[in-house]
Structure formats: structure tokens, C-alpha cells
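Tertiary structure, described
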Amino acid sequence: MGVKGPAVWVRVEGKGNFLNSGSLKEFAQQMVNRGYREFVMDLEHCVMMDSTFMGTMAAVALRLKELGQGYLHVVHVGERSRELLSGLGLDQIFDIHSNGALAPECEEVKENAYDGAAAEKRERTETMLEAHEALCQAAPENISRFKDVLEYLKQDLHQTTAGK
């Protein structure tokens, strides 16, 4: 993850899943708060994505749309990833390209580490819930797909918060 000029570049290495969605969410929020509005997600080395990760990408795109400026571009998308993104209607809220420019030499941005297993679990559950809500906001037909997941995550979050 880094910045080059006006764009934020994120290269996904390996799996894009619920384990690293919180980091993506936090990083994107920091960059938006710093005034960045163009995001490029490079999936060339991404071997798989789960719904939480795709929902986190959707949440970034929706936030930029809400601000009325900026855009999320997804480059180096393989056929399977394209099918996953399009299947959830995400091709309607960001550009998906099979090729694209190589990521430039970027200035790295340090991430803030957080500690505490309970806090980490709560943050992960919140990220998963927000990601799936974003999928439903991006394409209403996703509501029926993720209804049970949303209910489970809301219950889990309620129990985690109540058990503090």
C-alpha cells in the first residue's frame, strides 16, 4: 500500500479475505481523510477474494461516491476475480480492467497496529458486517444472498459488545 501523486495504490498479495479486510478499511479511511480520492487496487497477485474483502472494496467505492468525487479502479483482474466482482454487481460501482499500468514506485504509508484479541475480533466482525452491508447497498439483489450472514454478524457483534 502506498501513494504516488494523487493516487493510492494497493497491491493485493495472496488472499484478499476477512483477515486483511480490516487493514484495507483502516488504510482507505486514513487516505480519504488525508484527501486522497483516487484508489487503484492491483489484483495481479491476488489468488482469491472472499465476500468480506470485496465488500470492503465496495465500501471504499461507495464512500468516494458519497463524497461526490474520486473513484476506485481495479486492475490486473483475472477471469475468476472478474466473475466474482461482476456476480456481486460491483462492476457497477468501480472500473474493472484485465490489464493496467504497473504500480509505480510508491511512498509507503505506515499502518497503525492495534492490540488486544477481543478488540481485534470486534473490529474484524464490524469490518465484515460493514463489508456485507456495502455489498447489499451496491447491488440490492445481494440482500437475499447475504441475509443470513448479516444476521449472524449482527448477533455476534452484539454478543461480543455485551460480553466486554
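Residues numbered from 1 in each chain as written. Predicted model: local features only at pLDDT ≥ 70, side-chain atom pairs only at ≥ 80, totals over all residues. Heavy atoms only, no water.

Brief notes about helix α2 (residues 51–67)
For α2, with 17 residues, the first-to-last C-alpha span of 24 Å sits near the 24 Å given by 1.5 Å per residue. Residues of α2 that are buried: Thr52, Phe53, Met54, Gly55, Thr56, Met57, Ala58, Val60, Ala61, Leu62 and Leu64. Of the residues flanking the start of α2, the one acting as N-cap is Asp50, its side-chain oxygen 3.2 Å from the backbone nitrogen of Thr52. At the C-terminal side of α2, Gly68 shows a positive phi close to 80 degrees. (Helix = DSSP H or I, 4+ residues; strand = E, 2+ residues; numbered from the N terminus. Expected span 1.5 Å × (residues − 1). Buried < 20%, exposed > 50% of the residue type's maximum accessible area, 1.4 Å probe, protein only. Polar contact = N/O pair within 3.5 Å; in protein donor to acceptor, adjacent residues only side chain to side chain.)

Some remarks on the pattern of salt bridges
Here the structure, examined in full by the defined rule, presents six salt bridges. With a closest N to O distance of 2.8 Å, Lys25 and Glu130 form a salt bridge. Placement of the pair is Lys25 in helix α1 (residues 18–33) and Glu130 in helix α4 (residues 117–138), with a sequence separation of 105 residues. (Salt bridge = Lys/Arg side-chain N within 4 Å of Asp/Glu carboxyl O.)

Let's talk about the layout of surface pockets
A volume near 380 Å³ is recorded for the second largest pocket. Along the wall of the second largest pocket there are 17 residues; nearest its centre are Gln29, Ala59, Val60, Arg63 and Glu130. Broken down by secondary-structure element, the contributors of at least two residues to the lining of the second largest pocket are α1, α2 and α4. Per-class residue counts for the lining of the second largest pocket are seven nonpolar, five polar and five charged. (1 Å grid on protein atoms, 1.4 Å probe; cavity = no way out; pocket = protein on both sides within 12 Å on 5 of 7 lines; lining within 4 Å. Points joined across faces, edges and corners; volume = space filled by probe spheres on them. Nonpolar A, V, L, I, M, F, W, Y, C, P; charged D, E, K, R; others polar.)

A short note on the pairing of strand β2 (residues 7–16)
With nine bridges connecting them, β2 and strand β3 (residues 38–49) associate as parallel partners. Residue pairing for β3: Ala7 is matched across the bridge by Glu38. For the segment spanning β2, α1 and β3, crossover handedness is right-handed. (Pairing = 2+ DSSP bridges. Right-handed = clockwise from strand over helix to strand, strands pointing away.)

Focus: the side chain of Asp50
Take Asp50: it is sitting in the loop between β3 and α2. The buried charged residue Asp50 lacks any salt bridge partner; its closest oppositely charged side chain belongs to Arg124, at an N-O distance of 9.4 Å. A distance of 2.9 Å separates the side chain of Asp50 from the backbone nitrogen of Phe18, its partner in a polar contact. Looking at Asp50, its side chain comes within polar contact range of the main-chain nitrogen of Phe53, at 2.9 Å. Those residues in contact with Asp50, other than ones at most four positions away along the chain, are Gly16, Asn17 and Phe18. (Lys, Arg positive; Asp, Glu negative; His and termini not counted. Contact = heavy atoms within 4.5 Å.)

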